[in-house]
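# Architecture at a glance
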Amino acid sequence: MSNVALKGDKGNKIANRQAISETLLNLAKENKNILVVTSDSRGSASLVDFGKQLPDQIVEVGIAEQNLVGVASGLAASGKKPFVASPACFLSMRSIEQIKVDVAYSNTNVKLIGISGGVSYGALGMSHHSLQDLAVTRAIPGLDVMMPADRHEAKKMIEALVEYDRPVYVRIGRNPVEDSYASDNYDFQIGKAITMKEGTDITVIATGETVRIALDSAEALQQEGIDCRVINMHTIKPLDKEAILKAAEETGSIITIEEHSIYGGLGSAVAEVVSQSNPVPVRILGLPDEPAIAGKTAEVFEYYGLSVDNVKKIAIQMVRGL
Amino acid sequence: MNKIEFLKRKATEIRKELLTMIYEAGTGHTGGSLSNTDILTVLYYHIMNVDPNNPKWEDRDRYVQSKGHAVESYWAILADKGFFPKEELKTFSQFNTRLIGHPNNKVPGVEMNTGALGHGLPISVGMALAAKMDRKSYRVYTLMGDGEQAEGSVWEGAMAASHYKLDNLVAIIDRNGLQITGSTEDVMSLEPFGAKWSAFGWEVVEVDGNDIEQLVTVLENTPNVAGKPTLIVANTVKGKGISFAENVAKWHHHVPSKEEYQLAIEELSKQLEVQQ
Ligand SMILES: Cc1ncc(C[n+]2csc(CCOP(=O)(O)OP(=O)(O)O)c2C)c(N)n1
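What comes next is a walk through the structure. Along each chain, the written sequence defines residue order, and numbers are assigned to residues from 1. Just so you know, chain letters begin at A and ligand numbers begin at 1, following the order they were written in. Residue-level local features of this predicted model are given only where pLDDT is at least 70; pairs of side-chain atoms are given and counted only at 80 or more, and the full residue set underlies all totals for whole chains, interfaces and linings. In computing side-chain values, all of the structure's heavy atoms are included and hydrogens and water are not.

## Focus: the sheet that holds strand β11 (residues 228-232) of chain A
All names here are of chain A. What makes two strands pair is DSSP finding at least two bridges between them. Working definition: helices are DSSP H or I runs of at least four residues, strands are E runs of at least two. Numbering for both runs from the N terminus. An order of β9-β11-β10-β13-β14 is seen for the five strands of this open sheet, with the pairing classed as mixed. Edge positions in the open sheet fall to β9 (194-197) and β14 (282-287), since each of these has one partner strand only. Adjacent strand axes in the sheet meet at a mean angle of 25 degrees, parallel and antiparallel pairs treated alike. Relative to β11, β9 is paired through three bridges, and the arrangement is antiparallel. Pairing of Thr195 across the sheet is with Ile231, part of β11. Contacts: residue pairs with any heavy atoms within 4.5 Å of one another. Helix axes use the C-alpha atoms of the stretch in contact, all axes being lines fitted to C-alpha atoms, and the angles between their N-to-C directions lie in the range 0 to 180 degrees. Seen against the sheet, helix α8 (residues 210-223) touches β9, β10 (202-206), β11 and β13 (254-261) and runs at an angle of roughly 170 degrees to β11. Packing of helix α9 (residues 241-251) onto the sheet brings it into contact with β10, β11 and β13, and relative to β11 it is tilted by some 175 degrees.

Laid out in structure tokens, this is it:
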């Protein structure tokens, strides 16, 4: 297995929440300590089947996200392995103090799965968008932060997390996602970025569902004669600084792209590393500091330049010094 | 047509309107919007003092829709009252619309952005408190879901409202018995429900929340007790008005198929005929 994975077929589309719940169900059948904890959110988290098959391993707290995280931390402190699944917007904001104190500070083995994150709730508006969660969770000491690119990575991430005795926040979207990987036959390690494509002229660092945009952009850039490296930063914390500094040194400039506010997410994390060690130009692509426009994910992405065309345009500017 | 007949008809028309909005947008919260249509109709066409031509009028009554997901009846009513052109309802949930899937104060007539459950009551406590400070006589109304009652912030607000003796505050619970996952009593049991609110110092009134006449009587008579906030437990049916959606949990955010839509419109049209 090499660190450079084969690109998946665009046609395959499965939601990460589906992949996660199937993986959890399989693992929980073998391990009675694995629990899922939900807040009237088992439908949104695709956990209906889990609840039917393992009714003793699902805990329902109702629409009460603070209680959700508090209860999960108590379960973890008593030897259970709770996976909390709740919309990312409420989980990361409503419960943030419980996450900080009951989970991170107390170092309880709680895995927080923020579902329907980013703008995947479309026209439901800012109350339901989760575009600050990486910033907020990243700032909490003792909490790791991750985003899987597709169903293969979602599966591998959950398998790794079951064996990983630390608090973690994982953010996923709601809708079916185009595959970024050809299979799950690649080496996944928490905290270790994956070079999806080698390249020498510029690097695009992506996370979650924007990995696919980065891969497609690299292809488009190839036609322009630009050799673009693509890094999938599935773990935003602890950050793979080595991969970032290597990219800075070997390719000279970096573009980051994420379904998150331009403040405090992946782009900020990358810029923090680069600015302190090897300052090279970094362009951060994300959502601006405003309530996002209403629309479907694709419409919103297009509107804010989270698109192949825009990445290509910016990459050309940066490489050719325009 | 007398007042009650007018309100009944209006509620049915609003149901038709909101169903069409949801059907055409391909998204929406059908069940909870239908369950609270009668409550909103009585509030907006009979009880509250609001002025569509002057939405920010200082002495207006305030309405905060805490169960923000059920926005469709609200949009239909605000449009019908003339807060914005009816034509705009067609943009519901479409690209770049202001009529998104939750109340937001870009839209004239909306006091506060909601959507995250458990916010409405504390906001309303603040508004009612401000009215007392300013010696104003406007009332504050808020509508909550019963599933929403699991949020701790509801009870924080409940405590504050009775502490500050907010008899200008009326909270209405859309007690339709269902949330997303299923029955409220299965997900997180609430009963004995009225007793909980009484214990928090509220004057509790129970009503059939789909009975226009009862709603009119109860709402006309608040506050029942000076110095106490009023809680109206409005027993409703989720999906009310469409036989095959009534009391079915999946209709929380189910979007009707073409066939379901046509059947539902037929049913509602028949109800309108009776209400002539
Ligand atoms: C804080 C928060 N958590 C979760 C949700 C997601 N959510 C939207 S509607 C709903 C169920 C609401 O049930 P209920 O309050 O009974 O409303 P109704 O049945 O009247 O629609 C949930 C869980 C939310 N909007 N806000």
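## Regarding the pairing of strand β2 (residues 140-145) of chain B
All names here are of chain B. Summarising burial for β2: six of the six residues are buried, a large majority. Burial of β2 is two-sided: the residues Val140, Thr142 and Met144 facing one way and the residues Tyr141, Leu143 and Gly145 facing the other way are all buried. Across four bridges, the pairing between strand β1 (residues 62-65) and β2 is parallel. Within β2, the position partnered with Gln65 by the bridge is Leu143. In this scheme, a residue with accessible area under 20% of its type's maximum is buried, one over 50% is exposed, and one in between is partly exposed, where area comes from a 1.4 Å probe on protein chains only.

## Quick look at α9 of chain A
Owing to its 3.6 residues per turn, the α-helix brings residues three or four apart onto one side. All names here are of chain A. Among all positions of α9, only Ala243, Ile244, Ala247, Ala248 and Thr251 are buried. Angular distribution of buried residues about the axis of α9 spans 135 degrees; they occupy a single face of the element. Facing away from the buried surface of α9 by more than 90 degrees, the exposed residues are Glu242 and Glu249. On its buried face, α9 is in contact with β10, β11, β13 and α10 (266-277). Taken from the residues just after α9, Gly252 is the one with a positive phi, measuring 80 degrees. It is the directions from the helix axis to the C-beta atoms whose arc is reported.

## Quick notes on the interface of chain A and chain B
Taken together, the contacts link 21 residues of chain A with 25 residues of chain B. Of all residues in chain A, the largest losses of buried area upon contact with chain B belong to Asp40, Ile63 and Arg94 of chain A, amounting jointly to 33% of the total for that side. By definition, a salt bridge exists where a carboxyl oxygen of Asp or Glu is found within 4 Å of a side-chain nitrogen of Lys or Arg. At the boundary of chain A and chain B, one finds one salt bridge. We call two N or O atoms a polar contact when they sit within 3.5 Å, provided that within protein one can donate a hydrogen and the other can accept it, with sequence-adjacent residues counted only if both atoms are side-chain atoms. There are eleven residue pairs in polar contact (both at pLDDT 80 or more) connecting chain A and chain B. When residue character is reported, Ala, Val, Leu, Ile, Met, Phe, Trp, Tyr, Cys and Pro are called nonpolar, Asp, Glu, Lys and Arg charged, and the others, Gly included, polar. The residue makeup of the side of chain A that touches chain B, split by class, is nine nonpolar, six polar and six charged. Simply put, the buried area is the total loss of 1.4 Å probe accessible area from both parts when two parts are fitted together.

## Considerations on the packing of α8 of chain A against helix α12 (residues 308-320) of chain A
All names here are of chain A. Across the interface, α8 lies against α12 with an axial gap of 9 Å and an inter-helix angle of 55 degrees. Between α8 and α12, the angle falls in the class oblique. α8 and α12 meet at a crossing whose hand is right-handed. Along the contact surface, α8 presents Ile213, Asp216, Ser217, Ala220 and Leu221, while α12 presents Val308, Val311, Lys312, Ala315 and Ile316. Considering only residue class, the contact of α8 with α12 consists of seven nonpolar, one polar and two charged. Angle categories are assigned with fixed cut-offs, so that under 35 degrees is roughly parallel, over 145 is roughly antiparallel, 65 to 115 is roughly perpendicular, and the rest are oblique. Handedness of each helix crossing follows the sense of rotation of the near helix against the far helix: counterclockwise by less than a right angle gives left-handed, clockwise gives right-handed.

## Re α10 of chain A
In a regular helix each residue adds 1.5 Å, so twelve residues correspond to 16 Å; α10 of chain A covers 17 Å between its end C-alpha atoms and thus fits that length. Where α10 of chain A is buried, its residues touch α6 (133-138), β10, β12 (235-237), α9, β13 and β14 of chain A. By definition here, a helix of n residues has an expected span of 1.5 Å times n minus one.

## Structural notes on the sheet that holds strand β4 (residues 81-87) of chain A
Residue and element names in this part refer to chain A. Read across the sheet, seven strands follow the order β3-β2-β4-β5-β7-β6-β12 without closing on themselves; strand pairing throughout is mixed. At either end of the open sheet lies a strand with only one pairing partner, and these are β3 (58-60) and β12. Neighbour-to-neighbour, the strand axes of the sheet open up by a mean angle of 20 degrees, direction not taken into account. In this structure, strand β6 (residues 144-146) lies alongside strand β7 (residues 168-171), joined through three bridges in parallel fashion. Across the sheet, the residue bridging to Val145 is Tyr169, located in β7.

## Looking at the nonpolar core
The criterion is simple. A nonpolar core is a set of buried Ala, Val, Leu, Ile, Met, Phe, Trp, Tyr and Cys residues joined through side-chain atoms within 4.5 Å. In this structure, Phe50, Phe83 and Ile255 of chain A are the most contacted members of the largest nonpolar core, which totals 60 residues. In this structure, Ile47, Phe83, Ile232 and Trp251 of chain B belong to the second largest nonpolar core, which totals 52 residues.

## Observations concerning the site of the ligand
The nearness test applies per residue and asks whether one of its heavy atoms lies within 4 Å of the molecule or strand. Near the ligand, the surroundings consist of 24 residues, among which Glu65 of chain A together with Lys67, His69, Asp146 and Lys238 of chain B are the closest. A distance of 2.7 Å separates an oxygen atom of the ligand from a polar atom in the side chain of His69 of chain B. For the ligand, an oxygen atom lies 2.7 Å from a polar atom in the side chain of Lys238 of chain B. The protein chains hide 97% of the 600 Å² of surface that the ligand would expose on its own. Its residues assigned to classes, the shell around the ligand shows six nonpolar, nine polar and nine charged. What sets the accessible areas is the Shrake-Rupley method with a 1.4 Å probe; for residues, cover comes only from the shown protein chains.

## Section: unusual backbone geometry
Of all residues except glycine, most have a negative phi; of all peptide bonds, most are trans. Along the chain, Lys237 of chain A connects to Pro238 of chain A via a cis peptide bond; the corresponding omega equals 0 degrees. For the bond running from Thr222 of chain B to Pro223 of chain B, omega is -5 degrees, close enough to zero to count as cis. Here Pro223 of chain B shows up in the loop between α9 (212-220) and β5 (230-235). Positive phi values are uncommon outside glycine, yet Lys165 of chain B reaches one of about 55 degrees. Take Lys165 of chain B: it is sitting in the loop between α6 (152-163) and β3 (169-175). By relative accessible area, which is 52% here, Lys165 of chain B ends up exposed.

## Things to note about the pairing of strand β4 (residues 203-208) of chain B
Residue and element names in this part refer to chain B. Taken together, the six bridges between β4 and β5 define a ladder with parallel strand orientation. Within β5, the position partnered with Val207 by the bridge is Ala234. Here the term right-handed applies to a crossover when the path leading from its first strand over the helix to its second strand runs clockwise, the strands being oriented away from the viewer. The parallel pair β4 and β5 is bridged by α9, and the resulting crossover is right-handed.

## Thoughts on the packing of helix α1 (residues 3-25) of chain B against α9 of chain B
All names here are of chain B. Where α1 meets α9, the axes come as close as 9 Å, and the angle between the chain directions of the two elements is 115 degrees. As for the relative orientation of α1 and α9, their crossing is right-handed in sense. Between α1, through Ile4, Leu7, Lys8 and Ala11, and α9, the contact on the second element is made entirely by Ile212, Glu213 and Val216. Partitioning the contact of α1 with α9 into residue classes produces five nonpolar, no polar and two charged.

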